[in-house]
Amino acid sequence: MANLILPGTLEFNLALADIPPVPTWRESFDRANGEGYLICRAGSLGLMESVTRQEWEDYVYGGELDARQAEIDEHDEALEGVIY
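Since we're looking at a predicted model, the values are computed, not measured. (Residues numbered from 1 in each chain as written. Predicted model: local features only at pLDDT ≥ 70, side-chain atom pairs only at ≥ 80, totals over all residues. Heavy atoms only, no water.)

(A) Region of the structure containing the overall build of the protein. What the protein contains, in helices and strands, is four helices and two strands. In sequence order, the protein lays out its α and β elements as α-α-β-β-α-α. In terms of overall dimensions, the protein is more spread out than a globule: its C-alpha atoms have a radius of gyration of 18 Å, far above the 12 Å expected for 84 residues. Taken along the three principal axes of its C-alpha coordinates, the protein extends 45 × 45 × 25 Å. Considering the protein as a whole, with its 84 residues, one finds that 11% of them fall into the buried category. In the protein, 15% of the contacts between residues at least 6 apart in sequence involve partners at least 24 apart. With an accessible surface of roughly 7100 Å², the protein has 58% of that area assigned to carbon and sulfur atoms. Here the protein contributes 5 positive and 17 negative side-chain charges, whose respective centroids are spaced 8 Å apart. (Helix = DSSP H or I, 4+ residues; strand = E, 2+ residues; numbered from the N terminus. Rg over C-alpha atoms; globule rule 2.2 N^0.38 Å. Buried < 20%, exposed > 50% of the residue type's maximum accessible area, 1.4 Å probe, protein only. Contact = heavy atoms within 4.5 Å. Areas by Shrake-Rupley, 256 points an atom, 1.4 Å probe, with all protein chains shown as cover. Lys, Arg positive; Asp, Glu negative; His and termini not counted. Charge placed at Lys NZ, Arg CZ, Asp CG, Glu CD.)

Dropping the structure here:
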């Protein structure tokens, strides 16, 4: 049985110490002289990712954008008729 590690505990701090920091979208844009692109990869559960222009072009023209749109369409179809 796994134990839950809570923020503020020694175990939590030790676990985070092993994870390298991930640059934020703003840091990525700053490194690229203000040029940056945000994409949502297929299968990413909707998490946005900062990418370079070349990565954006690969995403758009390589078919991954189409795959992401198909996921969105499937989700929309599953929600049709659902009353909130």
